[in-house]
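Commentary on secondary and tertiary structure
One letter stands for each residue in the lines below.
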Amino acid sequence: MGFARRATAYKRAEMLFNDLPRLLTISKNAGPLQLIFAGKAHPQDHPGKEIIERIVSISRQVHNDIPIVYLENYDTEMPKLLVAGVDLWLNTPQVPLEASGTSGMKAAHNGVPSFSTLDGWWVEGHIEGLTGWSIGSGSEVTTNQDIDDLYQKLQDIILPAFYTSRSTWINVMRH
């Protein structure tokens, strides 16, 4: 699963790790996860820099169970490789703050399904289970509701489709 964009609070890059024991259980029972993160914080965005540090710290904690890498030196060439090299694109911005979300568009053009909050372009590109999967309802809900939806779909729908129903996965990639 890939996640690459500017590191800032409203993009909620850490949302996947909010309940680390639950994520580890999902990875163990529903299918193994491998995560690739990339992105930079604005030089004056100290909370953004702290987000990157926390993700790197989490990667060290869970490295035996979930391989996680945070790629350094994010530039304009790296997204081209990422969107062509992952199986699922994760996008977790807080609704309604995403202006566009072009990384998900690039992933879609490479046959990579999106798993995203209903914000930015994904509001128009999303057809549940056909072009990818939504996180939350698209309304301004609490982060806890989004987190629960993220974990539930990852465990019950997305990983089972990826690991046990290749034809379903390929159909979503095609759309």
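As the structure is a computational prediction, the values presented were derived from the model and not from experiment.

Quick notes on the rules
- Residues numbered from 1 in each chain as written.
- Predicted model: local features only at pLDDT ≥ 70, side-chain atom pairs only at ≥ 80, totals over all residues.
- Heavy atoms only, no water.
- Pairing = 2+ DSSP bridges.
- Helix = DSSP H or I, 4+ residues; strand = E, 2+ residues; numbered from the N terminus.
- Right-handed = clockwise from strand over helix to strand, strands pointing away.
- Phe/Tyr/Trp six-rings, centres within 6.5 Å; stacked < 30°, edge-to-face > 60°.
- Buried < 20%, exposed > 50% of the residue type's maximum accessible area, 1.4 Å probe, protein only.
- Lys NZ or Arg CZ within 6 Å of the ring centre and 35° of its normal.
- Contact = heavy atoms within 4.5 Å.
- Arc of directions from axis to C-beta.
- Salt bridge = Lys/Arg side-chain N within 4 Å of Asp/Glu carboxyl O.

1. Quick look at the pairing of strand 2 (residues 35-38)
Consecutive side chains of a regular strand alternate in pointing toward one face of the sheet and then the other. Pairing analysis gives three bridges linking strand 1 (residues 2-4) to strand 2, with the strands arranged parallel. If you follow phenylalanine 3 over to strand 2, its bridge partner there is phenylalanine 37. You can see the chain leave strand 1, run along helix 1 (residues 20-29) and come back into strand 2, and the turn it takes is right-handed. Alignment of strand 2 against strand 3 (residues 68-71), held across four bridges, turns out to be parallel. From the neighbouring strand, phenylalanine 37 faces strand 3, where its bridge partner is tyrosine 70. Following the chain from strand 2 across helix 2 (residues 46-62) to the adjacent parallel strand 3, one finds a crossover that is right-handed.

2. Looking at the packing of aromatic side chains
Applying the stated criterion across every chain yields a total of seven aromatic pairs. Pairing phenylalanine 3 with phenylalanine 37 gives two aromatic rings, centres 5.4 Å apart and planes at 40°, and the pair type is tilted. Taken as a pair, phenylalanine 3 in strand 1 and phenylalanine 37 in strand 2 lie far apart in primary sequence, 34 residues in all. Neither residue differs from the other here; phenylalanine 3 and phenylalanine 37 are each classed as buried. Residues phenylalanine 37 and tyrosine 70 carry aromatic rings whose centres are separated by 6.2 Å and whose planes lie at 10° to one another, so their mutual orientation is stacked. Taken together, the residues phenylalanine 37 in strand 2 and tyrosine 70 in strand 3 connect sequence positions 33 residues apart. Its relative accessible area of 1% is what places phenylalanine 37 among the buried residues. Relative accessible area serves as the criterion here: at 15%, tyrosine 70 is assigned to the buried category. Taken together through their ring pairs, the aromatic side chains of Phe3, Phe17, Phe37 and Tyr70 make up a single cluster. The ring centre of phenylalanine 3 lies 4.1 Å from the NZ or CZ of arginine 5, which sits over that ring. The ring of phenylalanine 162 has arginine 166 lying over it, and the distance from NZ or CZ to the ring centre is 5.0 Å.

3. Observations regarding the environment of alanine 30
Its place among the elements puts alanine 30 in the loop between helix 1 and strand 2. Considering only alpha carbons, one finds alanine 30 and proline 160, 130 residues apart in sequence, at a separation of 6.3 Å. Dropping the residues within four chain positions of it, alanine 30 is found in contact with Thr25, Gln155, Leu159, Pro160 and Tyr163.

4. A short note on unusual backbone geometry
Glycine aside, the phi torsion of most residues is negative, and most peptide linkages are trans. Residue proline 96 is bonded to the preceding valine 95 through a cis peptide linkage, with omega at 5°. Residue position: proline 96 is located in the loop between strand 4 (89-91) and helix 4 (102-109). Notably, arginine 12 is not glycine yet its phi reads approximately 50°, a positive angle. Mapped onto the fold, arginine 12 is located in the loop between strand 1 and helix 1.

5. Some remarks on helix 3 (residues 78-85)
Along helix 3, the residues classified as buried are Met78, Pro79, Leu82 and Val83. Across the axial projection of helix 3, the buried residues extend over an arc of 120°, all falling on one side. Exposed and facing more than 90 degrees away from the buried side of helix 3 are Lys80, Leu81, Ala84 and Gly85. In this structure, the buried residues of helix 3 make contact with strand 1, strand 2, strand 3, strand 4 and helix 4.

6. Comments concerning the pattern of salt bridges
Applying the stated criterion across every chain yields a total of seven salt bridges. Linking glutamate 128 and lysine 153 is a salt bridge whose minimum nitrogen-to-oxygen distance equals 3.1 Å. Of the two residues, glutamate 128 is situated in the loop between helix 5 (122-125) and strand 6 (132-135) and lysine 153 in helix 6 (residues 143-164); the sequence distance between them amounts to 25 residues. Residue class for lysine 153 comes out buried when judged on its relative accessible area of 9%. Through salt bridges with shared partners, a single ionic network connects Glu128, Asp149 and Lys153.

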